[in-house]
Amino acid sequence: MIYLLDPLIYLLIYGFLLTAIMGLIASWIDRKVTARVQYRVGPPLLQPLIDIIKLLGKETLIPEGASKITFLMAPIIGFSGVVLVSTILWINNIDPTKSFMGDLIVVLYLLVVPSISIIMGGFASRNPLASLGASREMKLIMGYELPFILAVLVPVIHTHSIRLGNIVSYQATNGIFIGSLSGFLAWIVVILCVQAKLALVPFDMPEAETEIVGGPLIEYSGSGLAVYRLMKNMMLFTLPFFVMILFMGGWKFEGIYSLTGLLKYIGVVAIITVIRNTNPRVRIDQAVKFFWGPMTIIAIIAVILAFLGK
Amino acid sequence: MDLINLELFKIDSLSTFVGVFVGLFTLLTVIYSFGFMDKKKGLFSYYFYIILTLVASLGVVFSNDLVLFMVFWGFLGILLYLLIGVGEKPNTSKTSKKALIIVGGADALMLLGLALIWHLTGTFKMDGMRIPLNSAEAIWAYLLLAIGAFAKAGVMPFHSWVPDTAEDALTPVTAYLPASLDKLLGIYFLVRLTLNMFVMNLDMNTFLMAVGSFTIIAAVMMALIQNDFKRLLGYLAVSSAGYMVLGLGTGNFIGIAGGLFYMLNGAICMSCLFMTCGSVEKNVRTMDLDKLGGFAKIMPITFITFVIASLAISGVPPFNGFASKWMIYQGIINVGKNGGSLWMLWLVATMFGSALTLASFMKLIHAVFLGQPSPENPARKDLAGGRIPKSPLISPKSSHGDRAEHREVNPVMWVPTVILAVLCVVFGVFAYQVPLKMFILPSLKMAVNFSGTWNATLATLLMLVSIAIGIIIYFLGTITKTRETESFVGGEVLKEHPDMRVSGVELYNTVQDIKSLKTIYNMAKNKAFDLYEVVSKIVFGINKILRYMHNGILPTYLAWCLLGMGILFYVLILR
């Protein structure tokens, strides 16, 4: 029972609650900064949470002819994927020696689950616009996955280990990866891939409100949309956290380090927000070319530098 | 030499493991065929060939003598030809000929390899030989024998019979031979070659990994652009063979165990996918992705099994495909620990390959099961009118032909797919407790050190807990009071605009139109990468020259005779 209790506590407290709170705060920072950039006042701190609660109270509509179970289960599957990833990340960050349950490759694969859930949900709603959006999401995955894998492997080349715990403790003794040239280049690539994973401008073509009205989310309302919103907010915490663990030494919770950790986190979120506010949306073919062209080349350079030990 | 000491057969853990699954796949295929093959001619010969295939496969698996092995192996090639020939498509006979020529040609090369082995060791016993790859003869022997395994498993460049077979043969035949049995047997022989008969060196391992990586990426890129349900699956079957070869090529225990595990998982998933594909075919009799759509609603069981098997083979945790891919990745990383940098290439190829596999499955799931049904699709009537059959498990009355009632296929057909889907889940969630402990590790007789961590059972449990949290959130909301509405497409009524349908066929056109890819795809469309077509073009080219010489005019022949005599005269007398 004790064997089970420990991970369960991690799941409930860290993986779900803390991640959700941090994600809601991140979403608030994002919205507030965006508002300030656009000379608006911006929402109050609790607005993201209020949005979700409000959505839970709304009627849940199901489009005619849709596959009901797939349509309703898709948000939950995506949500469970995020919770599992953030649990694994928290365990490895808090106690690098423990490192049970999953490693870097597991995290890489689990990070695709939310995207799959959005795609399946979009397909299941049987709406042409949702299909279009979902297919763009899939093409975007095909695009960014190549440079993302290359860049994420840079820490693996340095440490010769795929355990996240080892990667964190290696950085504690040998300095963080972002300080090295290869690590810095890989970090740039990963940040841009994270932008695409979160489907934020300039890579928001799967949802593109102004042309395909939210894409895969077009038919979602009420509870389904609430869970998707929560999932997206939690991704807004999980992905920057993943970048921190891989390249920026994780988030230590002792004394001054917890504050620097918070600064790192806010810094990554701020960079994402700034990119999102200063760029126009690109077309999907441009995005795929961007990721398979310049991004992959930068990632390959980072990998070669990592092999040379730089 | 007396007969008793020949030791023609040998039973060890590896052959038992493969034998058990050969039996399982045969059983499931036969059950499935009972449902699939109604009122078709030649039923007796069909089942007869299947039983003969079972016998021959068991012969291949348990024989210890290479000559005996070759006899069974060659017999399998002929059975493949016969079983493909049972199909009724216009191209069937052409395809069966192609399969026979590729597999049979590879068998001929294997015979050459056998001769080299006899020359090297003077024995045909598989368990007795450990040939080091230090001479040109040994390397040629290995390569010639490996070609046989490659052709059987459908590894590039000997793959081209697999997609064709998938398209033209009967679906149970595809689910039985290229998707499962040929994978098991081809990779089984490669394992025997690699672990028992030869002592591998670094170069040969690198060669295997290169072949595997190339197969994974090239096959899945081809799969992305296919518009025929079965042909697409055929390319994915080729791609999955790449993972198995690559796993064996890593040369360390965890990679080899991963490759062997993937052999099992790939066979289970592909066979399940082809069977579900056959269930859809039974309902509509077309495999053109443009004409399908919307089957999730009328065939829920088939849909769920298809989704499980496709997620499993794309490597989504916690299913079995992920567990084995994860082991292969660790094998590749262990290769990197010995220095060199090529391992990066293999690792990226495998990981990116599984993203592309996922993409091709999303295309299928959209075009076949979700998405809007096509206007020509007879299933549309059931769906558009919202009339869902009351008892979905009654078998369709095939006498109606194309206007048959559309509903879930009968249990004889869905039970095998459900069994395979359950295996996908069990072999993933209990990877260490069931398949690895019972089949894979005993057959390799070695201890495996995992360098990563993946606690599949615990992760699944936690995933279930978080799904429960999600459901609780649902029930906090208004999930109990749902309402069906028309979907919103900018205010238009969807039913009145069938041209607004997104079929799924054009899903990846943007990728296909990228310049460099387009050239390659056009070359592939002209069959520039199909070994069979290329070789046959060369052979017919030579034929043309010969035909030009044989023009039937007497003076030409006389001139040739005189020329020959002149040369003979020079060689024999003047020199």
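Keep in mind that this is a model prediction, so the values were computed, not measured.

**So, the overall build of chain B**
Here's step 1: Broken down by element type, chain B carries 22 helices and 3 strands.
Here's step 2: In terms of overall dimensions, chain B is globule-like: its C-alpha atoms have a radius of gyration of 26 Å, near the 25 Å expected for 575 residues.
Here's step 3: If one aligns the C-alpha atoms of chain B with their principal axes, the spans along those axes are about 105 × 65 × 50 Å.
Here's step 4: Residue burial in chain B is summarised as follows: out of 575 residues, 59% are buried.
Here's step 5: Considering only residue pairs separated by 6 or more positions, chain B has 79% of its internal contacts joining residues 24 or more positions apart.
Here's step 6: Of the accessible surface of chain B, which amounts to about 23,200 Å², a share of 68% is contributed by carbon and sulfur atoms.

**Notes on the overall build of chain A**
Here's step 1: Secondary structure summary: chain A contains 12 helices and 1 strand in total.
Here's step 2: Reading chain A from its N end, one meets helices and strands in the order α-α-β-α-α-α-α-α-α-α-α-α-α.
Here's step 3: Relative to a compact globule of 310 residues, whose C-alpha radius of gyration would be 19 Å, chain A shows 19 Å and is just as compact.
Here's step 4: Principal-axis analysis of the C-alpha atoms places the extent of chain A at approximately 55 × 50 × 40 Å.

**Observations concerning the interface of chain A and chain B**
Here's step 1: Of the residues lining the interface, 81 residues belong to chain A; the matching set on chain B comes to 81 residues.
Here's step 2: In total, chain A and chain B occlude about 7,100 Å² of area from one another, counting both sides; carbon and sulfur atoms represent 76% of this.
Here's step 3: On inspection of chain A and its partner chain B, the count reaches 2 salt bridges.
Here's step 4: Salt-bridge contacts for B:Glu484 lead to A:Lys68; the nearest nitrogen and oxygen are separated by 3.8 Å.
Here's step 5: Where chain A packs against chain B, one counts 8 residue pairs in polar contact (both at pLDDT 80 or more).
Here's step 6: Sorting elements by how many residues they give to the side of chain A that touches chain B places helix H6 (residues 128-159) of chain A first, with 15 residues.
Here's step 7: Of the residues contributing to the side of chain A that touches chain B, the split by class is 54 nonpolar, 15 polar and 12 charged.
Here's step 8: Where strand E1 (residues 60-63) of chain A lies against strand E3 (residues 482-485) of chain B, 4 bridges are found, and the strand directions are parallel. Among the inter-strand pairings, A:Leu61 is bridged to a residue of E3(B), identified as B:Arg483.

**Some details on the confidence of the model for chain B**
Residue and element names in this part refer to chain B.
Here's step 1: Confidence in the prediction for chain B averages 83 pLDDT; 92% of positions are at 70 or higher.
Here's step 2: Mean pLDDT in chain B bottoms out at helix H15 (residues 379-384), which sits at 49, and peaks at helix H12 (residues 300-314), which reaches 91.
Here's step 3: Within the model, the stretch residues 382-404 combines pLDDT values under 50 with 36 contacts to residues more than four positions away or in other chains.

**Thoughts on the pattern of salt bridges**
Oppositely charged side chains may form a pair once their charged atoms are brought near each other.
Here's step 1: A complete count under the given rule lists 16 salt bridges over all chains for this structure.
Here's step 2: Among the ionic pairs, A:Glu59 bridges to B:Arg483, the shortest N-O distance being 2.8 Å. Here the residue A:Glu59 occupies a position in the loop between helix H2 (47-57) and E1, and B:Arg483 occupies one in strand E3, the pair thus bridging two chains.
Here's step 3: With a relative accessible area of 41%, B:Arg483 lands in the partly exposed category.
Here's step 4: Of the charged contacts, one joins A:Glu211 and A:Arg281 as a salt bridge, the two residues approaching to 3.2 Å between their closest N and O atoms. Of this pair, A:Glu211 sits in helix H9 (residues 209-212) while A:Arg281 sits in the loop between helix H11 (256-277) and helix H12 (284-307), placing them 70 residues apart in sequence.
Here's step 5: Assessed through its relative accessible area of 42%, A:Glu211 is described here as partly exposed.
Here's step 6: A network of salt bridges, in which partner residues are shared, links A:Arg136, A:Asp204, A:Glu211 and A:Arg281.

**Quick look at the environment of B:Val316**
Here's step 1: Mapped onto the elements, B:Val316 comes out in the loop between H12 and helix H13 (320-337).
Here's step 2: According to the relative accessible area criterion, B:Val316 is buried, its value standing at 8%.
Here's step 3: Separated by 42 residues in the primary sequence, B:Val316 and B:Leu358 have C-alpha atoms spaced 8.8 Å apart.
Here's step 4: Here B:Val316 is in contact with A:Val113, A:Ile116, B:Leu311, B:Phe322 and B:Leu358, once residues within four sequence places are set aside.

**A short note on the environment of A:Ile157**
Here's step 1: Mapped onto the elements, A:Ile157 comes out in helix H6.
Here's step 2: A relative accessible area of 7% means that A:Ile157 is categorised as buried.
Here's step 3: Each C-alpha atom of the pair A:Ile157 and A:Gly309 lies 9.0 Å from the other, and the pair is 152 residues apart in sequence.
Here's step 4: Once residues lying within four places of it in the same chain are set aside, the contact partners of A:Ile157 are A:Val303, A:Ala306, A:Phe307, B:Trp343 and B:Met344.

**Some words on the packing of aromatic side chains**
Here's step 1: Under the defined criterion, the tally for this structure stands at 37 aromatic pairs over all chains.
Here's step 2: Pairing A:Tyr144 with A:Phe291 gives two aromatic rings, centres 6.3 Å apart and planes at 75 degrees, and the pair type is edge-to-face. Taken together, the positions of A:Tyr144 in helix H6 and A:Phe291 in helix H12 put the pair 147 residues apart, joining distant regions of the chain. Of the two residues examined, A:Tyr144 and A:Phe291, each falls in the buried class.
Here's step 3: Relative to B:Phe369, the ring of B:Phe306 lies with its centre 5.0 Å away and its plane at 45 degrees, an arrangement referred to as tilted. On the criterion of sequence distance, the pair formed by B:Phe306 in helix H12 and B:Phe369 in helix H14 (residues 342-369) is long-range, its members being 63 residues apart. By the burial criterion, B:Phe306 is buried, and B:Phe369 matches it.

**A few points about the domain arrangement of chain B**
Here's step 1: When the domains of chain B are assigned, the result is domain 1 (1-199), domain 2 (202-386 + 397-451 + 485-528) and domain 3 (530-574).
Here's step 2: Relative placement of domain 2 of chain B and domain 3 of chain B: their C-alpha centres are 50 Å apart.

**Here we look at the side chain of A:Ser221**
Residue and element names in this part refer to chain A.
Here's step 1: Inspection of the secondary structure puts Ser 221 in the loop between H9 and helix H10 (222-247).
Here's step 2: Residue Ser 221 is classed as buried on the basis of its relative accessible area, which comes to 17%.
Here's step 3: A distance of 3.5 Å separates a polar atom in the side chain of Ser 221 from the backbone oxygen of Glu 59.
Here's step 4: Not counting the four nearest positions on each side in its chain, Ser 221 is found in contact with Glu 59, Thr 60 and Leu 61.

**Structural notes on the confidence of the model for chain A**
Here's step 1: Counting all residues, the mean pLDDT for chain A is 86, and 98% of those residues have values of 70 or more.
Here's step 2: Across chain A, the secondary-structure element scoring lowest on mean pLDDT is H9(A), at 79, and the one scoring highest is helix H8 (residues 181-197) of chain A, at 91.

**Some details on the packing of helix H2 (residues 43-62) of chain B against helix H7 (residues 171-197) of chain B**
Residue and element names in this part refer to chain B.
Here's step 1: Taken N-terminus to C-terminus, the directions of H2 and H7 make an angle of 10 degrees; their axes are 11 Å apart at the nearest point. Between H2 and H7, the angle falls in the class roughly parallel. Contacts between H2 and H7 involve Tyr 46, Ile 50, Thr 53, Leu 54, Ser 57, Val 60 and Val 61 from the former and Pro 172, Val 173, Tyr 176, Leu 177, Leu 181, Leu 185 and Tyr 188 from the latter.
Here's step 2: Of the residues that constitute the contact of H2 with H7, the class distribution is 12 nonpolar, 2 polar and no charged.

**Section: H12(B)**
The α-helix winds at 3.6 residues per turn, so residues separated by three or four positions along the chain end up facing the same way.
Residues and elements named next belong to chain B.
Here's step 1: Across its 15 residues, H12 extends 21 Å between first and last C-alpha, which sits within 8% of the 21 Å expected from 1.5 Å per residue.
Here's step 2: Along H12, 11 of the 15 residues are buried, which leaves the element largely enclosed by surrounding structure.
Here's step 3: Where H12 is concerned, the buried positions are Thr 302, Phe 303, Thr 305, Phe 306, Val 307, Ala 309, Ser 310, Leu 311, Ala 312, Ile 313 and Ser 314.
Here's step 4: The first or second residue beyond H12 is Gly 315, which carries a positive phi of 85 degrees.

**Some thoughts on the environment of A:Glu59**
Here's step 1: Overall, the relative accessible area of 37% leaves A:Glu59 in the partly exposed class.
Here's step 2: Sequence-wise, A:Glu59 and A:Ser223 are 164 residues apart; in three dimensions their C-alpha atoms are separated by 7.8 Å.
Here's step 3: Residue contacts for A:Glu59: discarding those within four places in its chain leaves A:Ser221, A:Gly222, B:Thr478, B:Lys481 and B:Arg483.
Here's step 4: A distance of 2.8 Å separates a polar atom in the side chain of A:Glu59 from a polar atom in the side chain of B:Arg483.

**Describing the state of the cysteines**
Here's step 1: As enumerated under the stated definition, the model contains 0 disulfides over all chains in all.
Here's step 2: Cysteine B:Cys277 is unpaired, with the sulfur of B:Cys272 as its nearest cysteine sulfur at 11 Å.

**Section: the side chain of A:Thr87**
Residues and elements named next belong to chain A.
Here's step 1: With respect to the helices and strands, Thr 87 occurs in helix H3 (residues 68-94).
Here's step 2: By relative accessible area, which is 0% here, Thr 87 ends up buried.
Here's step 3: Once residues lying within four places of it in the same chain are set aside, the contact partners of Thr 87 are Pro 7, Tyr 10, Leu 11 and Gly 15.

Thresholds, definitions, all that
- Residues numbered from 1 in each chain as written.
- Chains lettered and ligands numbered in written order.
- Predicted model: local features only at pLDDT ≥ 70, side-chain atom pairs only at ≥ 80, totals over all residues.
- Heavy atoms only, no water.
- Helix = DSSP H or I, 4+ residues; strand = E, 2+ residues; numbered from the N terminus.
- Rg over C-alpha atoms; globule rule 2.2 N^0.38 Å.
- Buried < 20%, exposed > 50% of the residue type's maximum accessible area, 1.4 Å probe, protein only.
- Contact = heavy atoms within 4.5 Å.
- Areas by Shrake-Rupley, 256 points an atom, 1.4 Å probe, with all protein chains shown as cover.
- Buried area = accessible area lost by both parts, 1.4 Å probe.
- Salt bridge = Lys/Arg side-chain N within 4 Å of Asp/Glu carboxyl O.
- Polar contact = N/O pair within 3.5 Å; in protein donor to acceptor, adjacent residues only side chain to side chain.
- Nonpolar A, V, L, I, M, F, W, Y, C, P; charged D, E, K, R; others polar.
- Pairing = 2+ DSSP bridges.
- pLDDT = per-residue confidence, 0-100.
- Phe/Tyr/Trp six-rings, centres within 6.5 Å; stacked < 30°, edge-to-face > 60°.
- Domains from an automatic or database assignment.
- Axes fitted to C-alpha atoms, helices over the stretch in contact; angles between N-to-C directions.
- Parallel < 35°, antiparallel > 145°, perpendicular 65-115°, else oblique.
- Expected span 1.5 Å × (residues − 1).
- Disulfide = S-S within 2.5 Å.

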